[in-house]
Amino acid sequence: VQLVESGGGLVQPGGSLRLSCAASGFTFSRYDMTWYRQAPGKERELVASITSTGGRTDYADSVKGRFTISRDNAKNTVSLQMNSLQPEDTAGYYCVAKSAIFRKEYWGQGTQVTVSF
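Below is a summary of the structure that appears in this document. (Residues numbered from 1 in each chain as written. Predicted model: local features only at pLDDT ≥ 70, side-chain atom pairs only at ≥ 80, totals over all residues. Heavy atoms only, no water.)

Thoughts on the state of the cysteines
For clarity, the cut-off: Criterion for a disulfide: a pair of cysteine sulfur atoms at a distance within 2.5 Å. Comment: elements are numbered from the N terminus, with helices defined as DSSP H or I runs of at least four residues and strands as E runs of at least two. Categorising residues by exposure relies on relative accessible area from a 1.4 Å probe, with only protein chains included: less than 20% of the type maximum marks a residue as buried, more than 50% marks it as exposed, and the intermediate range marks it as partly exposed.
All told, the structure shown has 1 disulfide when counted by the stated rule. Between the sulfur atoms of Cys21 and its disulfide mate Cys95 the distance is 2.1 Å. Across the S-S bond linking Cys21 and Cys95, the dihedral sits near -80 degrees, which makes this disulfide left-handed. In this pair, Cys21 sits in strand β3 (residues 17-24) while Cys95 sits in strand β9 (residues 91-99), placing the two residues 74 residues apart along the sequence. Owing to a relative accessible area of 0%, Cys21 belongs among the buried residues under this scheme.

Here it is in structure tokens:
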């Protein structure tokens, strides 16, 4: 099983980034996908989630209207479009696959997002 995040980096406040997560080794289309983030000294925060079919998405209040989660089950990828980034969005971002049916949870290694001048 592999979840490989990409797309992180340094961006100025007000800028945008698009994170991607490529999945392999499991039946991606049967797993809900979630992006978490964690900044140094802070608790881990659920940023956005999407159901296995893509039919439902949920967002943390702190990112509603700025971030968009999407998935492509044909390509086994999930993305997080992040707009209007602010310094408080600085964190490591992690892609997570979850299945209540299979009782499995898989985490990626994470990608760093830094919002600063």
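Here we look at the environment of Ala60
How we decide: Pairs of residues are marked as contacts when any of their non-hydrogen atoms sit within 4.5 Å.
Locating Ala60 in the fold gives a position in the loop between β6 (57-59) and β7 (67-72). By relative accessible area, which is 11% here, Ala60 ends up buried. Between the C-alpha atoms of Ala60 and Ser49, which are 11 residues apart in sequence, the distance is 9.1 Å. Not counting chain neighbours up to four residues away, the residues in contact with Ala60 comprise Glu45, Leu46 and Val47.

Observations concerning the pattern of salt bridges
Note the threshold: Each reported salt bridge corresponds to a side-chain nitrogen of Lys or Arg within 4 Å of a carboxyl oxygen of Asp or Glu.
Evaluation of the coordinates by the stated rule reveals 5 salt bridges. Between Arg37 and Glu45 there is a salt bridge, with the nearest N and O atoms lying 2.8 Å from each other. Notably, a salt bridge pairs Asp61 with Lys64, separated by 3.2 Å at the nearest N-O pair. Judged by its relative accessible area of 66%, Asp61 falls in the exposed class. Through salt bridges with shared partners, a single network forms among Arg37, Glu45, Arg66 and Asp89.

What to know about the pairing of β9
In plain terms, the rule: DSSP-based pairing: two strands are paired if at least 2 bridges between them are found.
Counted residue by residue, β9 has 7 buried out of 9 residues, so it is predominantly covered. Taken together, the 7 bridges between strand β4 (residues 32-38) and β9 define a ladder with antiparallel strand orientation. Bridged to Thr34 within β9 is Val96. Both β9 and strand β11 (residues 111-115) contribute to a ladder of 3 bridges, which runs antiparallel. Among the inter-strand pairings, Ala91 is bridged to a residue of β11, identified as Val113. The hairpin turn running from β9 into strand β10 (residues 104-107), its antiparallel successor, is 4 residues long, and Arg103 in that turn takes a positive phi close to 55 degrees.

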